[in-house]
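Overview (structure and organization)
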Amino acid sequence: MNALKNPAHRAWLVLLVATSITWYLGEVGAAGTLAIVAMLVIAFVKGRLVILDFMELREAPRLWRALLEGWLILVSSLILLAYWISLK
Amino acid sequence: MQFKSQAVAKPYFIAAIGLFVGQILFGLILGLQYVLGDFLFPAIPFNVARMVHTNLLIVWLLFGFMGGTYYMIPEEAETELFSPKLALLMFWVFLVAGALTIVGYLAVPYATLAELTGNNLLETMGREFLEQPLPTKLGIVVVALAFLFNVTMTVLKGKKTAIATVLLIGLWGLAVFFLFSFYNPVNVVLDKFFWWWTVHLWVEGVWELILGSFLAFVLIKTTGVDREVIEKWLYVIVTLTLISGIIGTGHHYFWIGTPEYWQWWGSIFSALEPIPFFGMTVFAFNMVNRRRREHPNKAAVLWALGTGVMAFLGAGVWGFLHTLAPVNYYTHGTQITAAHGHMAFYGAYAMVNLMMISYAMPILNGRAANSNKSQVLEMWSFWLMTVAMVFITLFLTAAGILQVWLQRVSDTPLPFMVAQEKIALFYWMREWAGVMFLIGLILYITSFFYGGQEEKAA
Amino acid sequence: MCAMTTAALIPPETPQKRLPGDLAIWFFILAEMLAFAVFFASYAFARARNVEMFNLYQQTLDRNAGALNTFLLITGSWFVVRAVQAAHRNDQKAIPRNILLGFLCGGGFLVVKVFEYAAKFGAGISMSTNTFYMFYISLTFFHFMHVILGMVILTILWVQARKGVYGSHDAHGLESGAAYWHMVDLLWIILFPLVYVMR
């Protein structure tokens, strides 16, 4: 299991599994608050892995890491807000 | 100057400034006609004055762009201009054609002018900003092609820098998109659709490349920052301009009969158009802060910083104010548009030309920079014109907000002319700001003739 | 005094902290991401005003194709990371090989997408059909164009890599192009659940 020491390989595996979960949620027709939050959390985790381990910003200057992660937070919160409005 | 042929820029600059004065005088006439409707009627009716005001703007900016290009290209390509004679010939062709067109506008009624100039052969006249008679339009094409041939050949035989390449893309784009002024379909929706390909893709597309390239050139010369750094910024700005600007055309397609998705596309992409302008502001300040030398021409540096800030405010912020479809639903075609137009054109294109002229003219006159006294005067002109333009914009914005309210939002909407009377106070204030602008412009011109002999030769 | 307090507040950054790739590409990436952020938010808020319509037509989308494309982009990204890692350890053969594999994943994405579009357009769906389809086509097509641009960049990287331009001495250009390719991946990771699944 030496390969799993490479963060990119770990990230790749997690991303594949996470995508499958999202796909599965779609297949079983998951809807509503819980499903939305779950999918957003999954998307957030996936996006963060791409930023940190694929774009290799984990060791980058704080500003750039914050800008990209900030984008992810911003986008997810805007989507969450819009979906929350739609559920009311 | 480094190359003799750069001298052809001089007549272009002089003509540009001369036409600029004309534009401002007609602006003042127009401003007065807003409050005194029959001022100079019937000699110069409002529609004619407006046409002259906007056409002079376009023509003087084009003179400035050509002059700036002729100045810049030999220095970038490190070779003499391909043909200085052709450049001078085209100068006279363009000047005479431009002057005759303006005389035509003023001397005969527009319909007569259309008849006299063969508009029935190919109908291209009668559309805002593209009012030029057919011979003038053809003249513009000939001049533009000869000009492009001249500068492209120069670049081809010399060094090809990123700045020159961006400039050439901008200029070729300018020529190509002008061709849509000859396309005038009977269907009004199509007519407007393609009309914007000239108008929008000029000012919110290819002209921005020219602006970026001029700015980059002057910043390299005045700050001594590495070309590599400056070019990197230029690339980023150009890409952002094209990403936002091309599909941003959609913000003109909200209410002309095009499919509904344009409201989304236009709103989203044009909302991003301020970003490249913001990039230019950061770029200009960043480079000046990192300067490696103190260039004697402080006035030119001031113009460079000024154009960054004012282009962002005028084109970026004031554009964004009314670019989203739900907002534009109310503000379309009101004084908000006029406010945006004034500050955007001044901040982006008038100022970048003034910057280029301010940088190049002293060198063309054989010195690195004008005397201190002269530069102080020029900086006064900078502040007078810029502050005047800020006032014009603010007054027009106030007028626009009131107009939108009285004429469109209120429960008891007023007719157009009644609403106009209610906002006359702002038009008066705008007119006085216009006078202040003219004084600034006169100072700008004076500064070139004033105490200029002291600084040592370039 | 003032300088000292500032220094105390911000712990000194370790020298290894560096931004991979060129600063310019990161500005570009940020601008692109901002454009997509606006688009994503527009979609979400337009949906909030028309939930039933969006939910109804979302079901007509091909979720399997969307998920398959997610796998392809993630794997394409992964190959490009491996190319960058190969450059850092000077494995000259592995650099172009991995870039090529990344490129092929991108190509696979385009093929799947073209089939998906063919089915939709074949059914007579267009941007003017309704707001949901307007967003579906706009968002995915805008992203589609970015995949193509990413593949153009990968092609350039591949050509350069085969010339042996990249290595532990200099991976600047490779890292810049890779960052853009990862952005294409990142955008799809949001786009897929948002447009295809979330309801």
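Description of the structure in this document. (Residues numbered from 1 in each chain as written. Chains lettered and ligands numbered in written order. Predicted model: local features only at pLDDT ≥ 70, side-chain atom pairs only at ≥ 80, totals over all residues. Heavy atoms only, no water.)

Some details on the overall build of chain C
A tally of helices and strands in chain C yields seven helices and zero strands. For chain C, the sequential pattern of α-helices and β-strands runs α-α-α-α-α-α-α. Along the longest, intermediate and shortest principal axes, the C-alpha atoms of chain C span 60 × 50 × 20 Å. The buried share among the 199 residues of chain C stands at 59%. By sequence separation, contacts in chain C at least 24 residues apart represent 82% of the contacts at least 6 residues apart. (Helix = DSSP H or I, 4+ residues; strand = E, 2+ residues; numbered from the N terminus. Buried < 20%, exposed > 50% of the residue type's maximum accessible area, 1.4 Å probe, protein only. Contact = heavy atoms within 4.5 Å.)

Some details on the environment of N50(C)
Residues and elements named next belong to chain C. Within the secondary structure, N50 is located in the loop between α2 (23-48) and α3 (51-58). Among the residues examined, N50 registers a relative accessible area of 33% and is labelled partly exposed. As a C-alpha pair, N50 and A123 span 73 residues in sequence and 23 Å in three-dimensional space.

Concerning the packing of helix α8 (residues 227-248) of chain B against α2(C)
Close contact between α8(B) and α2(C) brings their axes to 9 Å; oriented N to C, the two are set at 15°. For the element pair α8(B) / α2(C), the angle class is roughly parallel. Judged by the sense of rotation from one axis to the other, the crossing of α8(B) with α2(C) is right-handed. Of α2(C), the residues touching α8(B) (which contributes K232(B), V236(B), T239(B), L240(B) and I243(B)) are A24(C), F27(C), F28(C), A31(C) and E32(C). (Axes fitted to C-alpha atoms, helices over the stretch in contact; angles between N-to-C directions. Parallel < 35°, antiparallel > 145°, perpendicular 65-115°, else oblique. Left-handed = near helix turned anticlockwise from the far one by under 90°.)

Points about the arrangement of the chains
Comparison of the two pairs of chains in contact shows the highest number of contacts for chains A and C. Chain A shows no contact with chain B. Their nearest C-alpha atoms sit 15 Å apart.

Quick word on the packing of aromatic side chains
Counting across every chain of the model gives 79 aromatic pairs over all chains. Consider the rings of W12(A) and W78(C), whose centres lie 3.8 Å apart with planes at 5°: the pair is stacked. Taken together, the positions of W12(A) in helix α1 (residues 7-27) and W78(C) in helix α4 (residues 63-88) put the pair across two chains. Note on accessibility: W12(A) and W78(C) belong to one class, buried. The interplanar angle of 80° and the centroid separation of 5.5 Å between the aromatic rings of Y34(B) and F46(B) together place this pair among those described as edge-to-face. Taken as a pair, Y34(B) in helix α1 (residues 9-35) and F46(B) in helix α2 (residues 46-77) lie far apart in primary sequence, 12 residues in all. Relative accessible area serves as the criterion here: at 35%, F46(B) is assigned to the partly exposed category. One Lys or Arg, K373(B), reaches over the ring of Y450(B) and ends 5.9 Å from the middle of that ring. (Phe/Tyr/Trp six-rings, centres within 6.5 Å; stacked < 30°, edge-to-face > 60°. Lys NZ or Arg CZ within 6 Å of the ring centre and 35° of its normal.)

What to know about helix α7 (residues 172-197) of chain C
Taking 1.5 Å per residue, 26 residues should reach 38 Å; α7(C) reaches 37 Å between its end C-alpha atoms and fits that length. Burial analysis of α7(C) places 24 of its 26 residues in the buried class, which makes it a mostly covered element. (Expected span 1.5 Å × (residues − 1).)

Examining the interface of chain C and chain A
On the chain A side, the residues contacting the 50 residues of chain C number 45 residues. When chain C packs against chain A, close to 4300 Å² is buried across both sides, 75% of that on carbon and sulfur atoms. Summed over the three residues of chain C that lose the most area to chain A, namely W78(C), M198(C) and R199(C), the buried surface amounts to 14% of that side. Between the two partners, chain C and chain A, sit one salt bridge. Residue E27(A) is joined to R63(C) by a salt bridge in which the shortest nitrogen-to-oxygen separation is 3.3 Å. (Buried area = accessible area lost by both parts, 1.4 Å probe. Salt bridge = Lys/Arg side-chain N within 4 Å of Asp/Glu carboxyl O.)

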